[in-house]
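Chain and residue survey
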Amino acid sequence: MLLVIDVGNTNIVAGVFDNKGKLKDHWRFSTDRSKTADEFGILLCGTFGHKGIKTKDVDGIIISSVVPPVLVPVVHMCERYFGLTPVLVGPGTKSGIAVHYDNPREVGADRIVNAASALHKYGKKGKPMIVIDFGTATTFDALLPTGDYLGGAIAPGIGISSEALFSRTAKLPRIELLKPRKVICRNTVRSMQSGIMYGYVGLMEGIVSRMKKELGDDAYVIATGGFAHSMAAESKMIDVVEPFLTLDGLRILYMKNKE
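Notes on the structure follow. Given the structure is predicted, the values throughout are model-derived calculations rather than measurements.

What follows covers empty space enclosed by the protein. For the coordinates displayed, the defined rule picks out 1 cavity of 30 Å³ or more. Volume-wise, the largest cavity comes out at about 80 Å³. Lining the largest cavity, in full, are Ile5, Ile12, Ala14, Phe29, Phe40, Leu43, Leu44, Val74 and Met77. Every element with two or more residues in the lining of the largest cavity is listed here: β2 (11–17), α1 (37–50) and α2 (68–81).

Below is the structure:
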């Protein structure tokens, strides 16, 4: 079995694939920069045991990370609890993606993983692709069916936007991110929900429409991340939601690099 781990700024997402490439299970943990290798190991092994998965059956691990301080203990955890040295996504990793960034090393590992996954799943359509990842930051990536990564845009995530509204104002409360029935709302909480949720739909559609002017109107839009389904429900610009785009991309990269 293959263990894949994506270390993000807010959450660590892990998944296990069987030898046929099927995702057996997945888990989400908070990204705690103070956790040790043993704490990560106990946490992950505990979830394995709960699902009846044996650590000894894992024969490969791959990790992508945008949080360097957390990467070290996670790697040590893999070595101590699984007896394996993981493949790390970074410069030199075979991905099938040609990065056309001024400095390719600046591109986050998660964006390359998503691009590789999108290319594998939808590259045969022969259309340019726009990959949107609704994470801590929302990233928009432009990809050609030839595997050329052209760059993209980065915006504050929905959670960051909501937290900033609460923390930088004296009287506005912290709210649950739910979509209200109407845009025009009659109380503070729903008014904030309206501004954030519908405002973010407008942000997403605005960036996608501008990217399509540069890529072509037939660009295929793929969304992933925590708010992908919520945004897709409010916009016809998203063609498909892939909740496990990153995990599947890690599996694809592992197969390319396992030698």
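Moving on, there is more to tell.
Here Gly147 shows up in the loop between β8 (137–143) and β9 (148–156). According to the relative accessible area criterion, Gly147 is buried, its value standing at 0%. Sequence separation between Gly147 and Ile207 is 60 residues; the distance between their C-alpha atoms is 21 Å. What Gly147 contacts, discounting residues up to four positions off in sequence, is Gly96, Ile97, Ala98 and Leu119.

Take the sheet that holds β8 next. An order of β6-β9-β8-β7-β10-β11 is seen for the 6 strands of this open sheet, with the pairing classed as mixed. Whereas interior strands pair on both sides, the edge strands pair on one side only; in this sheet they are β6 (98–99) and β11 (240–241). Relative to β11, strand β10 (residues 220–225) runs parallel, the two being bridged by 2 bridges. In the sheet register, Ile222 faces β11, and the bridge partner there is Val240.

Now for the packing of helix α4 (residues 158–167) against helix α5 (residues 188–215). α5 packs onto α4 with a crossing angle of 150 degrees between their chain directions and a minimal axis gap of 11 Å. In terms of orientation, α4 and α5 fall into the roughly antiparallel class. α4 and α5 meet at a crossing whose hand is right-handed. Along the contact surface, α4 presents Ile158, Ser161, Ser162 and Leu165, while α5 presents Met192, Ile196, Met197 and Tyr200. Partitioned by chemical class, the residues of the contact of α4 with α5 number 6 nonpolar, 2 polar and no charged.

Attention now goes to the pattern of salt bridges. With the rule as written, the count across this model stands at 9 salt bridges. Here Asp38 makes a salt bridge to Arg80, at a shortest N to O gap of 3.0 Å. Residue Asp38 is found in helix α1, and its partner Arg80 is found in helix α2; the two are separated by 42 residues along the sequence. Asp38 gets classed as partly exposed once you look at its relative accessible area, which sits at 29%. Judged by relative accessible area, which is 61%, Arg80 ranks as exposed.

What the largest pocket holds in volume is close to 920 Å³. Together, 40 residues line the largest pocket, and Asp133, Phe134, Gly135, Thr136 and Gly225 are the ones closest to its centre. Split into classes, the residues belonging to the lining of the largest pocket amount to 16 nonpolar, 18 polar and 6 charged.

With that out of the way, let us pick up the sheet that holds β2. Here we have 5 strands laid out as an open sheet, ordered β3-β2-β1-β4-β5, and mixed in their pairing. Single-partner strands in this sheet number two, and they are β3 (23–30) and β5 (87–88). Of the strand pairs in this sheet, strand β1 (residues 2–7) and strand β4 (residues 60–65) are connected by 6 bridges, and their pairing is parallel. Of the residues in β4, the one forming a bridge with Val7 is Ser65. Across the sheet, α1 is in contact with β1, β2 and β3; its angle to β3 comes to roughly 145 degrees.

It is worth spelling out the environment of Gly108 at this point. Looking at the secondary structure, you find Gly108 in the loop between β6 and α3 (109–122). Residue Gly108 is classed as buried on the basis of its relative accessible area, which comes to 19%. Gly108 sits 43 residues away from Ser65 along the chain, and the two C-alpha atoms are 8.0 Å apart.

Scoring rules and cut-offs
Positions within a chain are numbered from 1, following the residues in the order the chain's sequence is written. Only residues with pLDDT of 70 or above have their local features reported here, since the model is predicted, and side-chain atom pairs are shown and tallied only from 80 upward, although totals for entire chains, interfaces and linings are computed over all residues. Processing note: side-chain calculations cover all non-hydrogen atoms of the structure and skip hydrogens and water entirely. Within this scheme a cavity is a closed region of a 1 Å grid, computed over the protein atoms alone, that accommodates a 1.4 Å probe without allowing it to escape, whereas a pocket is open but has protein on both sides within 12 Å along at least five of seven lines; lining residues each have an atom within 4 Å of a point. Grid points are joined across faces, edges and corners, and a volume is the space filled by probe spheres set on the points. Comment: elements are numbered from the N terminus, with helices defined as DSSP H or I runs of at least four residues and strands as E runs of at least two. Exposed residues in this analysis have more than 50% of their type's maximum accessible area, buried residues have under 20%, and partly exposed residues fall in between, with area computed by a 1.4 Å probe over protein chains only. Contacts are assigned to residue pairs with any non-hydrogen atoms lying within 4.5 Å of each other. Here, any two strands with at least 2 DSSP bridges between them count as paired. For helices, the fitted axis covers only the stretch in contact; all axes are lines through C-alpha atoms, and the angles between them, taken along N-to-C directions, range from 0 to 180 degrees. Should an angle fall under 35 degrees it is taken as roughly parallel, and over 145 as roughly antiparallel, whereas 65 to 115 is taken as roughly perpendicular and any remaining angle as oblique. Each crossing gets its handedness from the near helix: less than a right angle anticlockwise from the far helix is left-handed, clockwise is right-handed. Residues are sorted three ways: Asp, Glu, Lys and Arg are charged, Ala, Val, Leu, Ile, Met, Phe, Trp, Tyr, Cys and Pro are nonpolar, and all the rest, Gly among them, are polar. Here, a salt bridge means any Lys or Arg side-chain nitrogen found within 4 Å of an Asp or Glu carboxyl oxygen.

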